[in-house]
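Overview (structure and organization)
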Amino acid sequence: MADMLNNAVSGLLSFQRALSTTSHNIANVSTEGYSRQRVSIQANTPSSIGSLVVGNGAHVSSVDRVFDRFLTSDLRLASSVSGKLDMYTELARYVDDVLADPAGGISPLMHDFFAAVQDVADDPNSISARNNMINVASSLSAGFQNMDNRFKQLELNTTRDIRGVVEEINKLVEDIADVNEAINKLQFGGGSQQSADLLDLRDQLILE
């Protein structure tokens, strides 16, 4: 009778843990980076009574995350490539605005300068054509100076952004190290469900 009660209690405790994990999954359905958890239940080591082998109920062997390691790796790679291309597009758009903007870029100034040079070539004795070429050349020089200033500003902004990103990465690395330490302590202590939550947190930090 005692063995029967012990078996029943072990089963109830195991499924109580399973229900607790299910409620944990439901509570975190909107949590960013959360992976659904699954309880693994195994039979306890049976007892030998004479020639008989008698079962001793069940226990929760682990609480595991339901996730795909390869998909997670692909997601990290895709996020990294996407971030790089987004930054490349932003910088390329800025350079394009500086060089090819029909209103404020260098192209219209170059066009006006060569047109003014052609006017002087067509009529070298024209004072107005000469003065116009000088004025247009001054505008072109100012345009190159403005372009140089904008590129210097781009360099300063990019350097500042890189420093900010480096600081953010260093902070994330520290956070990941803290999470790894906490995971190691829990895994040695048998806290599988808490380890699963921390593994999700670590994956989210790595993705960032």
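A brief structural summary. (Residues numbered from 1 in each chain as written. Predicted model: local features only at pLDDT ≥ 70, side-chain atom pairs only at ≥ 80, totals over all residues. Heavy atoms only, no water.)

Here's the deal with the overall build of the chain
On a plain count of helices and strands, the chain comes out with five helices and four strands. A globule of 208 residues ought to have a C-alpha radius of gyration of about 17 Å, yet the chain, at 35 Å, is considerably larger. With respect to the three principal axes, the spread of C-alpha positions in the chain is 125 × 30 × 25 Å. Split into buried and exposed, the 208 residues of the chain put 20% on the buried side. Taking the intrachain contacts of the chain between residues at least 6 apart in sequence as the baseline, contacts between residues at least 24 apart amount to 56%. In the form shown here, the chain has an accessible surface area of approximately 14600 Å², with 58% of it arising from carbon and sulfur atoms. Computed over 16 positive and 27 negative side-chain charges, the inter-centroid distance for the chain is 7 Å. (Helix = DSSP H or I, 4+ residues; strand = E, 2+ residues; numbered from the N terminus. Rg over C-alpha atoms; globule rule 2.2 N^0.38 Å. Buried < 20%, exposed > 50% of the residue type's maximum accessible area, 1.4 Å probe, protein only. Contact = heavy atoms within 4.5 Å. Areas by Shrake-Rupley, 256 points an atom, 1.4 Å probe, with all protein chains shown as cover. Lys, Arg positive; Asp, Glu negative; His and termini not counted. Charge placed at Lys NZ, Arg CZ, Asp CG, Glu CD.)

Notes on the packing of aromatic side chains
Across all of its chains, the model carries one aromatic pair by this definition. Where Phe 113 meets Phe 114, the ring centres are 5.6 Å apart and the plane angle is 65°; that geometry is what we call edge-to-face. The positively charged end of Arg 150 is found above the aromatic ring belonging to Tyr 94, 5.9 Å away from the centroid. (Phe/Tyr/Trp six-rings, centres within 6.5 Å; stacked < 30°, edge-to-face > 60°. Lys NZ or Arg CZ within 6 Å of the ring centre and 35° of its normal.)

A word on the nonpolar core
Core analysis: the biggest nonpolar cluster contains seven residues, these being Leu 172, Ile 176, Val 179, Ile 183, Leu 198, Leu 199 and Leu 205. Listing elements by their share of this core, those giving two or more residues are helix H4 (127-189) and helix H5 (192-207). Sorting elements by how many residues they give to this core places H4 first, with four residues. Apart from the residues lying within four places of it in its own chain, the contact partners of Ile 183 are Ser 195, Leu 198, Leu 199 and Arg 202. (Core = buried A, V, L, I, M, F, W, Y, C linked by side-chain atoms within 4.5 Å.)

Here's the deal with the layout of surface pockets
The computed volume of the largest pocket comes to approximately 320 Å³. In this structure, the largest pocket is lined by Gly 83, Lys 84, Met 87, Glu 90, Leu 91, Tyr 94, Leu 154, Asn 157, Thr 158, Asp 161, Ile 162 and Val 165. Among the elements of the structure, helix H2 (69-100) and H4 are those that each provide at least two residues to the lining of the largest pocket. One number sums up the size of the second largest pocket: a volume of about 180 Å³. For the second largest pocket, the full set of lining residues is Gly 33, Ser 35, Arg 65, Phe 67, Thr 72, Leu 75, Arg 76, Asp 200, Asp 203, Gln 204 and Leu 207. Contributions of two or more residues to the lining of the second largest pocket are made by H2 and H5. (1 Å grid on protein atoms, 1.4 Å probe; cavity = no way out; pocket = protein on both sides within 12 Å on 5 of 7 lines; lining within 4 Å. Points joined across faces, edges and corners; volume = space filled by probe spheres on them.)

So, the side chain of Arg 65
Here Arg 65 is to be found in strand S4 (residues 58-65). Classification of Arg 65 as buried rests on a relative accessible area of 12%. Polar contacts involving the side chain of Arg 65 include one to the side chain of Asp 200, which spans 2.8 Å. At 2.9 Å, the side chain of Arg 65 forms a polar contact with the side chain of Asp 203. (Polar contact = N/O pair within 3.5 Å; in protein donor to acceptor, adjacent residues only side chain to side chain.)

As for H2
For H2, spanning 32 residues, the distance from its first C-alpha to its last is 45 Å, which sits close to the expected 46 Å at 1.5 Å a residue. Among the residues of H2, the N-terminal cap falls to Asp 68, whose side-chain oxygen and the backbone nitrogen of Phe 70 are separated by 2.8 Å. (Expected span 1.5 Å × (residues − 1).)

Side note on the pattern of salt bridges
Evaluated as defined, the whole model comprises seven salt bridges. With a shortest N-O distance of 2.9 Å, Asp 203 and Arg 65 are connected by a salt bridge. Of the two residues, Asp 203 sits in helix H5 while Arg 65 sits in strand S4, which places them 138 residues apart along the sequence. Accessibility assignment for this pair places Asp 203 and Arg 65 in one class, buried. (Salt bridge = Lys/Arg side-chain N within 4 Å of Asp/Glu carboxyl O.)

Remarks on the environment of Arg 36
Checked against the element boundaries, Arg 36 lands in the loop between helix H1 (2-27) and strand S1 (37-43). Looking at Arg 36, the relative accessible area reads 48%, which means it is partly exposed. Here the alpha-carbon distance between Arg 36 and Val 66, two residues 30 residues apart in the chain, equals 5.4 Å. With near-sequence residues (within four places) excluded, Arg 36 lies in contact with Asn 25, Asp 64, Arg 65 and Val 66.

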